[in-house]
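A look at the structure
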Amino acid sequence: MTIQAILFDADGVIQTTSDDFVDTLKGLLHDAGDVDRFLKDIFAAEFPTLTGDGDFATNLRGVLEHWNVHTSVDQVLNAWTLIKPMDGIDMLVTQLRCAGVLCCVASNQQSHRAHHMSHLLGYHDMFDREFYSCKLGVMKPDPEFFEQIVERLDIAPSELLFIDDSVANVDAATSAGINAALFRTLDHLDPVASLSGVIGKYGVRL
């Protein structure tokens with residue numbers, strides 16, 4: 001088995017949410033203690049847009065009206081993009097690409113956040129390919145998510161490695177014949193070194 005390409009999940013694997021994300025949302029509410037319910041409503045508004053159905057900004061406007069939050073949709077969208085790449089992930093991906101391994105993002109995202117990741121976080125240049133659920137029209141753990149990626153890359157599933165922080169997603173990739181590993185950035189003191197170790201177990205040498 002030779003790994004030709006690695007599919008990286010985004011949130012929880014190659015990127016984390018900024019520390020001030022929740023505090024930013026709390027600042028929008030009349031009662032900061034409501035932040036968990038507020039977040040739940042935002043996630044519910046985002047869910048259909050993860051497969052390109054509808055517009056997140058439009059759905060978000062309805063949530064703000066329901067919560068009587070007098071702030072702009074753009075301000076909340078900005079809070080939703082308070083994410084940062086894991087320190088050192090750019091160097092790891094560069095090493096992998098120099099070693100001849102194709103590196104791809106494979107993530108459930110709505111279009112606003114996907115655009116931010118691609119162009120403002122620099123994933124368009126950092127990775128060889130980006131596969132976002134909003135573009136594919138299907139999201140993990142649906143088998144079609146992986147089927148589309150395999151078809152677009154034209155690489156055998158047995159030559160792919162998928163890394164994700166969700167057991168359900170890892171199981172779905174495995175069922176599709178793809179090598180898959182569970183990895184959670186927050187579980188490791190040195191995430192890049194740990195991620196390199198995971199990749200090394202599949203015969204990839206840097």
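In short, a report on the structure. (Residues numbered from 1 in each chain as written. Predicted model: local features only at pLDDT ≥ 70, side-chain atom pairs only at ≥ 80, totals over all residues. Heavy atoms only, no water.)

Here we take up the packing of aromatic side chains. Applying the stated criterion to the full structure yields eight aromatic pairs. Both rings, one in F38 and one in W67, keep their centres 5.5 Å apart while their planes meet at 70 degrees; by these two values the pair is edge-to-face. Of this pair, F38 sits in helix α2 (residues 35–46) while W67 sits in the loop between α3 (56–66) and α4 (73–80), and the two are 29 residues apart along the sequence. Classification of F38 by relative accessible area gives buried; the value is 0%. Note on F56 and W80: the rings are 6.0 Å apart at their centroids and 40 degrees apart in plane angle, and the pair reads as tilted. (Phe/Tyr/Trp six-rings, centres within 6.5 Å; stacked < 30°, edge-to-face > 60°. Helix = DSSP H or I, 4+ residues; strand = E, 2+ residues; numbered from the N terminus. Buried < 20%, exposed > 50% of the residue type's maximum accessible area, 1.4 Å probe, protein only.)

Bringing the nonpolar core into the picture now. One finds F8 and I199 to be the most contacted residues of the largest nonpolar core, which totals 32 residues. At the level of secondary structure, the elements contributing two or more residues to this core comprise β1 (5–8), α5 (89–98), β4 (102–107), α6 (111–120), α7 (123–126), β6 (160–164) and α11 (191–200). In contact with F8, other than residues within four places in its own chain, are I14, L96, C103, C104, V105, A106, F127, I163, L195 and I199. Membership of the second largest hydrophobic core comes to 21 residues, among which are F38, V69, V73 and W80. (Core = buried A, V, L, I, M, F, W, Y, C linked by side-chain atoms within 4.5 Å. Contact = heavy atoms within 4.5 Å.)

Our next topic: the environment of S133. Its place among the elements puts S133 in helix α8 (residues 133–136). The sequence separation of S133 and S107 amounts to 26 residues, and the corresponding C-alpha distance is 6.3 Å. When near neighbours in sequence (up to four residues on either side) are disregarded, S133 contacts L50, T51, S107, N108, Q109, V138, M139 and F145.

The next thing to look at is α5. Where α5 is concerned, the buried positions are I89, L92, V93 and L96. Looking straight down α5, one finds its buried side chains confined to an arc of 95 degrees; they lie on one side. Opposite its buried face, α5 presents the exposed residues M91 and C98, each directed more than 90 degrees away. On its buried face, α5 sits against β1, β3 (83–85), β4, α7 and α11. Once α5 ends, the next one or two residues include G100, with phi positive near 90 degrees. (Arc of directions from axis to C-beta.)

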